[in-house]
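Listed here are the chains, written in short residue letters.
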Amino acid sequence: MRWQRKDLLGIRELSAEEIIFLLDTADAFKEVGTREIKKVPALRGKTLVNFFVEPSTRTRTSFEIAAIRLSADVINISASSSSLIKGETLKDTAKILEAYHADLIVLRHSSSGAPQFLAERLKSSVINAGDGAHEHPTQALLDLYTIRAHKGTVAGLHVAIIGDILFSRVARSNIFGLLKLGARVTLVGPSTLVPREFEKLGVTVTHKLDEVLETADVVNLLRIQHERQRKEYFPGIGEYVRLFGLTKERGKRLKPDCLIMHPGPINRGVEIDSELADGTQSVILEQVTNGLAVRMAVLYLCGGIAT
Amino acid sequence: MDAAAIDRALRRIAHEIVERNPQLDTVILAGIPSRGVEIAGRLADIIESLGQPRVGIGAIDVSMHRDDIGTRPELPRVQASTLPLPLEGKTVIIVDDVFFTGRTVRAAMDAISSFGRPARIQLAALIDRGHRELPIRGDYVGKNLPTAPGEQVRLRLEDVDGEPDAVWLIKEEKA
């Protein structure tokens, strides 16, 4: 196949073939990171605007490094420096970005659908860097990439996603991607955060972590988003750790080759025991490195086609 | 060109590479995917069959170094480049199937320089169809094939395309 999309808005609308194409392209860009000169002229002369209405350090930095390695010029706009808080609408902001001739816009926004809103109105490529509780496609791609790099394939694996699923765009993008590539997915967490409705997507839901420990090929631990928790959803830290934390004792019950993943930042001692986070089964830092390759691939493909 | 003619052309290139590079152990054949990689492998085999040392082989994908970014409505698959390192002191011979405008070769030279600084870069191509757009020439050419700009050169190699080795010149179709 050949790549034809100018935007990456979510994993849901991608075919399995497109996902594989992105992962294969990321393989090529991972190689660039091993060169003496870790920079290619692929997006020379293009301008990328990192537009983060919601705060984020690691995703923004990852996109910025990826863009720099592709020779694009990068402008960062964050919520605090943006006139959105002065009451400008997203539509007006979009027009301003277009007037600056931004070729690529990487958008992080608290409202689901904001990237699509921009993509439909702009000639620029729009990359979703996380929108509300909707999707975070590049995180899912880097998770899939990391799984594939270790296991050879995603098909047939049993992947457990643990934690705050209800509010998690990372979980949603991961679920779509894993199912499309043929993995079996189990969601684990308290019933308030992992409602049974998710089973309609084709996954299994359980409220007992102990049920998946022995069969999982991958455990992906999501961060407890303290800033987003409302009391009625969350059992309290101590109880969460007791029921859903990957403690040392639970770690011993994992398959020896089970991968431990986490999108970061980690709450050590909450989602995961500190030693396990740094242990041999953990691929948490590899996820960060792979994120660069995956984002280079996305920027290259979406920003590199004629629009 | 049929399989026998392609083989003869490759043997001639292999002999020229041996003649012009007394230190074959410093030679690296860098194929441009996918047919250039196949040709580089065949050249290495032929050189070895002449009783010479095995030359290094690699692949150099030029996609990230092209000068036409943003002009194509769809993008093909990018492959990882692999070159035996370090390149310092080496002769890197770019191996391509059809040598045309020279833009691919320029991109390949750019890509190679991001891996290091070889002593020299040379170019081998199975077919030279002319119509250069850059001041680049081939060092080893299997066959010069005069073409009109609108014509197509169609090359098939058994191990890449699953069809017998052959080269066709496809004339301009009148609309």
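Heads up: these notes are all about the structure in this document. (Residues numbered from 1 in each chain as written. Chains lettered and ligands numbered in written order. Predicted model: local features only at pLDDT ≥ 70, side-chain atom pairs only at ≥ 80, totals over all residues. Heavy atoms only, no water.)

1. Notes on the interface of chain A and chain B
In step 1: The interface is formed by 26 residues belonging to chain A together with 23 residues belonging to chain B.
In step 2: Of the roughly 2200 Å² buried where chain A meets chain B, counting both sides, 56% is carbon and sulfur surface.
In step 3: Contact with chain B buries surface across chain A, with Arg2, Arg35 and Tyr300 of chain A losing the most and accounting together for 26% of the total.
In step 4: One can count one salt bridge joining chain A with chain B.
In step 5: A salt bridge links Asp24 of chain A to Arg77 of chain B; the shortest N-O distance between them is 2.4 Å.
In step 6: Taken together, chain A and chain B are joined by 11 residue pairs in polar contact (both at pLDDT 80 or more). (Contact = heavy atoms within 4.5 Å. Buried area = accessible area lost by both parts, 1.4 Å probe. Salt bridge = Lys/Arg side-chain N within 4 Å of Asp/Glu carboxyl O. Polar contact = N/O pair within 3.5 Å; in protein donor to acceptor, adjacent residues only side chain to side chain.)

2. Side note on the nonpolar core
In step 1: Counting 93 residues, the largest nonpolar core has Ile161, Leu187 and Leu299 of chain A as the members making the most contacts within it.
In step 2: When residues no more than four places from it in sequence are discounted, the contact partners of Leu187 of chain A are Ile161, Ile165, Ile175, Val194, Phe198, Val203, Thr204, Val205 and Thr206 of chain A.
In step 3: Residues Leu10, Leu24, Val95 and Leu126 of chain B belong to the second largest nonpolar core, which totals 29 residues. (Core = buried A, V, L, I, M, F, W, Y, C linked by side-chain atoms within 4.5 Å. Buried < 20%, exposed > 50% of the residue type's maximum accessible area, 1.4 Å probe, protein only.)

3. A closer look at the side chain of His158 of chain A
Residue and element names in this part refer to chain A.
In step 1: Position of His158 relative to the elements: it lies in strand β5 (residues 158-162).
In step 2: On the basis of relative accessible area, His158 is assigned to the buried category, the value being 4%.
In step 3: A distance of 2.7 Å separates the side chain of His158 from the side chain of Thr186, its partner in a polar contact. (Helix = DSSP H or I, 4+ residues; strand = E, 2+ residues; numbered from the N terminus.)

4. What about the environment of Arg77 of chain B?
In step 1: Along the chain, Arg77 of chain B falls in the loop between β2 (56-59) and β3 (91-99).
In step 2: Placed 14 residues apart in sequence, Arg77 of chain B and Ser63 of chain B show a C-alpha to C-alpha distance of 8.6 Å.
In step 3: Beyond its immediate stretch of four places on either side in the chain, Arg77 of chain B contacts Met1, Ile20, Phe21 and Asp24 of chain A together with Asp61 and Ser63 of chain B.
In step 4: Within the structure, the side chain of Arg77 of chain B is placed 2.4 Å from the side chain of Asp24 of chain A, a separation counted as a polar contact.

5. Considering the packing of aromatic side chains
In step 1: Enumeration over the complete set of coordinates arrives at three aromatic pairs over all chains.
In step 2: Ring plane angle 55 degrees and centroid distance 5.2 Å describe the contact between Phe29 of chain A and Tyr300 of chain A, whose orientation is recorded as tilted. On the criterion of sequence distance, the pair formed by Phe29 of chain A in helix α1 (residues 16-32) and Tyr300 of chain A in helix α10 (residues 284-304) is long-range, its members being 271 residues apart.
In step 3: By relative accessible area, Phe29 of chain A is classed as buried at 1%.
In step 4: Overall, Tyr300 of chain A belongs to the buried group, its relative accessible area being 1%.
In step 5: Relative to Phe244 of chain A, the ring of Tyr240 of chain A has its centre 5.5 Å away and its plane inclined at 40 degrees; by these criteria the two rings are tilted. Within this pair, Tyr240 of chain A and its partner Phe244 of chain A are both found in helix α7 (residues 237-244), separated by four residues, close to a single helical turn. Both residues of the pair, Tyr240 of chain A and Phe244 of chain A, belong to the buried class.
In step 6: When the ring centre of Phe100 of chain B is taken as reference, the NZ or CZ atom of Arg129 of chain B above it lies at 3.9 Å.
In step 7: Looking at Arg132 of chain B, its charged tip hangs above the ring of Phe99 of chain B, at a distance of 3.6 Å from the centre. (Phe/Tyr/Trp six-rings, centres within 6.5 Å; stacked < 30°, edge-to-face > 60°. Lys NZ or Arg CZ within 6 Å of the ring centre and 35° of its normal.)

6. Overview of the packing of helix α1 (residues 3-20) of chain B against helix α2 (residues 35-49) of chain B
Residue and element names in this part refer to chain B.
In step 1: Relative to each other, α1 and α2 sit at 65 degrees, their axes nearing to 9 Å. Seen from above, α1 lies across α2 with right-handed handedness. Between α1 and α2, the contacting residues are Ile6, Leu10, Arg11, Ile13, Ala14, Ile17 and Val18 on the first element and Ile39, Arg42, Leu43, Ile46, Ile47 and Ser49 on the second.
In step 2: Among the residues forming the contact of α1 with α2, the class breakdown is 10 nonpolar, one polar and two charged. (Axes fitted to C-alpha atoms, helices over the stretch in contact; angles between N-to-C directions. Left-handed = near helix turned anticlockwise from the far one by under 90°. Nonpolar A, V, L, I, M, F, W, Y, C, P; charged D, E, K, R; others polar.)

7. Quick look at the sheet that holds strand β3 (residues 104-109) of chain A
Residues and elements named next belong to chain A.
In step 1: Ordered in space as β2-β1-β3-β4, the four strands form an open sheet in which the pairing is parallel. Among the strands making up the open sheet, the edge pair consists of β2 (73-78) and β4 (125-131). Pairs of neighbouring strands in the sheet enclose a mean axial angle of 15 degrees, with direction left out of account.
In step 2: Bridge count for strand β1 (residues 47-52) against β3 is five bridges, and the pairing is parallel. Pairing of Asn50 across the sheet is with Val106, part of β3.
In step 3: Contacting β1, β2 and β3, helix α3 (residues 90-99) runs over the sheet at an angle of about 160 degrees to β1. (Pairing = 2+ DSSP bridges.)

8. What to know about unusual backbone geometry
In step 1: Following Gly264 of chain A, the chain continues into Pro265 of chain A via a peptide bond in cis, with omega recorded as -10 degrees.
In step 2: Within the fold, Pro265 of chain A resides in the loop between β9 (259-261) and α9 (274-277).
In step 3: Across the junction of Leu85 of chain B and Pro86 of chain B, the peptide omega takes the value -5 degrees, indicating a cis bond.
In step 4: Residue placement: Pro86 of chain B occurs in the loop between β2 and β3.
In step 5: Despite not being glycine, His101 of chain A shows a phi value in the positive range, around 60 degrees.
In step 6: For His101 of chain A, the position within the fold is in the loop between α3 and β3.
In step 7: Residue class for His101 of chain A comes out exposed when judged on its relative accessible area of 62%.
In step 8: The backbone of His131 of chain B sits at a positive phi, close to 70 degrees, despite the residue not being glycine.
In step 9: By the secondary structure assignment, His131 of chain B is in the loop between β4 (120-128) and β5 (140-144).
In step 10: Judged by relative accessible area, His131 of chain B falls into the partly exposed class, the value being 31%.

9. Concerning the sheet that holds β9 of chain A
All names here are of chain A.
In step 1: The parallel open sheet is built from five strands, whose spatial order is β7-β6-β5-β8-β9. A strand with exactly one partner marks an edge of an open sheet, and here the two such strands are β7 (204-206) and β9. In this sheet, neighbouring strand axes are inclined to one another by 20 degrees on average, regardless of whether the strands run parallel or antiparallel.
In step 2: In this sheet, β9 lies alongside strand β8 (residues 218-221) in parallel orientation, the contact comprising three bridges. Within the sheet, the bridge partner assigned to Asn220 lies in β9 and is Met261.
In step 3: Each of β5, β6 (184-188) and β8 touches helix α6 (residues 169-180); the most contacted strand, β5, lies at about 170 degrees to it.

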